[in-house]
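A closer look at the structure
Take a look at the letters that make up each chain.
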Amino acid sequence: MRTKVFIIGSGIAGMACAIRLAVHGFEVTVFEKNNYPGGKSHLIEQDGYRFDAGPSLFVQPGNIEELFKLCNEDIQQYFNYAPIEVGCKYFYEDGVVLNAYSNKELLAEELESKTGEATGHIISYLEESKAIYKHTGEIFLNNSLHKASTWFHATVLKALLHTKPSYIFSTLNNANKRKFSSPHVVQLFNRFATYNGSSPYKAPAMLQLIPHIEFNEGVFYPKGGMVAVSNALYNLAKKMNVQFYFNSPVQKIITQHNRATGLLVNEKGLYADVVVSNADVYFTYRLLLNDKHKANEILRQERSSSAIVFYWGIKKEFTQLALHNIFFSKNYEAEFRSIFNTKTVYADPTIYINITSKCEPGNHAPAGKENWFVMVNVASDVKMSEPEIIQSYKKNIIAKLRRMLQTDIEPLIETEAVLHPQKIEAETSGFAGAIYGTASNSRHAAFSRHPNFCKTICGLYFAGGTVHPGGGIPLCLKSAEITSNLIIKNSSKYIA
Ligand code: FAD
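Criteria and cut-off values
All residue numbers here refer to positions counted from 1 along the written sequence of the relevant chain. With pLDDT at 70 or above as the cut-off, local features in this predicted model cover only qualifying residues; side-chain atom pairs require 80 or more to be listed or tallied, and sums for whole chains, interfaces and linings still use all residues. Only hydrogens and water are set aside; all other atoms, that is, all heavy atoms of the structure, feed into the side-chain values. All axes here are fitted lines through C-alpha atoms, helices being fitted over the stretch that makes contact, and every angle between N-to-C directions spans 0 to 180 degrees. Only runs of H or I of at least four residues qualify as helices and only runs of E of at least two qualify as strands under DSSP, and these elements are numbered from the N terminus. An angle below 35 degrees is read as roughly parallel, one above 145 as roughly antiparallel, one from 65 to 115 as roughly perpendicular, and any other as oblique. Each crossing gets its hand from how the near helix is turned against the far one by less than a right angle, where anticlockwise is left-handed and clockwise is right-handed. Whether two residues are in contact is decided by their heavy atoms, any of which lying within 4.5 Å being enough. We call Asp, Glu, Lys and Arg charged. Ala, Val, Leu, Ile, Met, Phe, Trp, Tyr, Cys and Pro are nonpolar, and the rest, Gly among them, are polar. A domain assignment, automatic or from a database, supplies the domain bounds used here. Take the accessible area each of two parts loses on contact, using a 1.4 Å probe, and add the two losses: that sum is the buried area. Take a side-chain nitrogen of Lys or Arg and a carboxyl oxygen of Asp or Glu: if they are within 4 Å of each other, that pair is a salt bridge. N or O atoms within 3.5 Å of each other form a polar contact, as long as, within protein, one can give a hydrogen and the other can take it, and as long as residues adjacent in sequence are counted only when both atoms are side-chain atoms. Between buried and exposed lies partly exposed: a residue is buried under 20% and exposed over 50% of the maximum accessible area for its type, with that area taken using a 1.4 Å probe on protein chains only. If DSSP finds at least two bridges between two strands, the strands pair.

1. What to know about the packing of helix 1 (residues 12-23) against helix 11 (residues 227-239)
- At a minimum axis distance of 9 Å, the contact between helix 1 and helix 11 shows a crossing angle of 30°. Overall, the two elements helix 1 and helix 11 adopt an arrangement that is roughly parallel. Relative to helix 11, the crossing made by helix 1 is left-handed. Facing I12, M15 and I19 of helix 1, the residues of helix 11 in contact are S230, L233, Y234, L236 and A237.
- Its residues assigned to classes, the contact of helix 1 with helix 11 shows seven nonpolar, one polar and no charged.

Structure representation (structure tokens):
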């Protein structure tokens, strides 16, 4: 008899976990409350424009390729992607514009010529970034931190030997200030803390491993936009005979004698050997297990930042913009204080603009027009969704872009949709709209994230951005791998 697995949620990690378990012969069923797969990664179509609703940066395609190889399927039959030359364009208020080439030699030359930072500083920073990623990152991102077998592995000793105290005891900002003399370059490398919704003024210098992913491995564009990635996983899962039920909110995880035995869906009890929650771990305890104590314990760890996103159809083309663009705030530290300390509106926010019509003109926006995904980081707090707050961000964004692009954007907006913390919580159950689960704003953060399994309920597992190793698509895919490996290893326990 095949082991039956129920998965709550069809986010990236839920689908990746389903695929991995189906390949191993498990009978997998996914229950999704929305009427589409992908969770935070889905599509918005409006007035002839299309927008990726959530994630926009595609890195480490190898994580996705691995899933297709496991299933013996040709990835190109599902989706295609290509490397991009300029990973991001950075605009500063003093008029400096930096092209962040994905190639590290080109990047170093660009930074030296525009900021005076020596090429050697950039190259050695990225070499160190690679070493941290290889020696420490890969071990801890690929394994459960809550199993003794991880810690008694020879590679862990090697990883610990490569971990300088400064990676743990210094903040990312302090480490970057020691390494670079140019404030522009410090700000550029500080920004990588936001890749998991953290502050460079609080997060440990260990996060220096993140630039390795962009500058040593590269940035890619998936044809069709990011939604092509979640659609490809959905189609692969279906090919592996995973069953999906949409519009099916799970009401409760059924347990018997501290063992997960099934789910309550549409008032109906359904039974399985293993349950995996891809929903936010806080809501899993709070709503699906009715365990307020455990849920509150989870909230003791700081949530990641949230975002306000304006999806704007712009009736003009901006040749000075690329696929990914950042308009930096003048005072980055004050901006992060407003996000993580005071949780208030910041008048000069760093603005991220993603324009997929740059890669697929005519497909994602009408000819001669552009689809702008305009995002600012805000506190994860549903208060940030109040209409006055959203309007003040819109005003601040338009004023900043008028200054920096010398163009009034407002009359060019011909269609608009908005995402904000409350909507993120309502659509994907991400507590308070946190987009990456928990922040890495302390040196203990990696160890405080919830494990990929439940310590008190046998047969209950977790995969996704709110559990180890954290948020963002690459980490969600790793989470799915860790979780499915634990289930496969323990599978003999679940057959009665
Ligand atoms: P989620 O996407 O959180 O999905 C969970 C699923 O569970 C949802 O479909 C939800 O409906 C379902 N669910 C919840 N409760 C129930 C229930 N009771 N019953 C049934 N179903 C339920 N990451 C990047 O890598 N790069 C980026 O550029 C990037 N940018 C981002 C920008 C924005 C605006 C946002 C919102 C996110 C961004 N992220 C980015 C983060 C990334 O999207 C997430 O880390 C990732 O998609 C989370 O995937 P997940 O598997 O944890 O599940």
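Still more ground to cover, so stick around.
2. What to know about the domain arrangement of the protein chain
- Each assigned domain of the protein chain is listed with its residue range as follows: domain 1 (4-46 + 54-80 + 224-301 + 440-494), domain 2 (105-217) and domain 3 (303-428).
- Taking only C-alpha atoms into account, the centre of domain 1 sits 29 Å from that of domain 3.
- Taken together, the contacts link 18 residues of domain 1 with 17 residues of domain 3.
- The junction of domain 1 with domain 3 conceals about 1,400 Å² of combined surface from both sides, 47% of it contributed by carbon and sulfur atoms.
- On the surface where domain 1 and domain 3 come into contact, there are zero salt bridges.
- Scanning the region where domain 1 abuts domain 3 turns up 10 residue pairs in polar contact (both at pLDDT 80 or more).
- When grouped by side-chain class, the residues that make up the side of domain 1 that touches domain 3 number six nonpolar, 10 polar and two charged.

3. Structural notes on helix 12 (residues 281-288)
- Counting buried positions over the eight residues of helix 12 gives six, a clear majority of the element.
- Restricting attention to buried positions, one finds in helix 12 the residues V281, Y282, F283, T284, Y285 and L288.
- N-cap assignment for helix 12: the residue whose side-chain oxygen lies 2.8 Å from the backbone N of Y282 is D280.
- Backbone geometry just downstream of helix 12 places N290 in the positive-phi region, at approximately 55°.

4. Some words on the sheet that holds strand 12 (residues 268-271)
- The antiparallel open sheet is built from three strands, whose spatial order is 10-11-12. Two strands in the sheet have a free side with no partner beyond their single neighbour: strand 10 (250-255) and strand 12. Between one strand and the next, the sheet's axes are offset by a mean angle of 30°, whatever the strand orientation.
- One ladder, built from five bridges, connects strand 10 with strand 11 (residues 260-265); its direction is antiparallel. Looking at the pairing, I254 lines up with G262 of strand 11.

5. Side note on unusual backbone geometry
- Going from H468 to P469, the amide bond is cis rather than trans, its omega being 0°.
- Here P469 lies in the loop between strand 19 (460-462) and helix 18 (473-490).
- Phi angles above zero are rare outside glycine, and N258 is one such case at about 60°.
- Mapped onto the fold, N258 is located in the loop between strand 10 and strand 11.
- With relative accessibility at 55%, the residue N258 sits in the exposed group.
- Phi at N266 is positive, roughly 50°, even though this residue is not glycine.
- Structurally, the position occupied by N266 is in the loop between strand 11 and strand 12.

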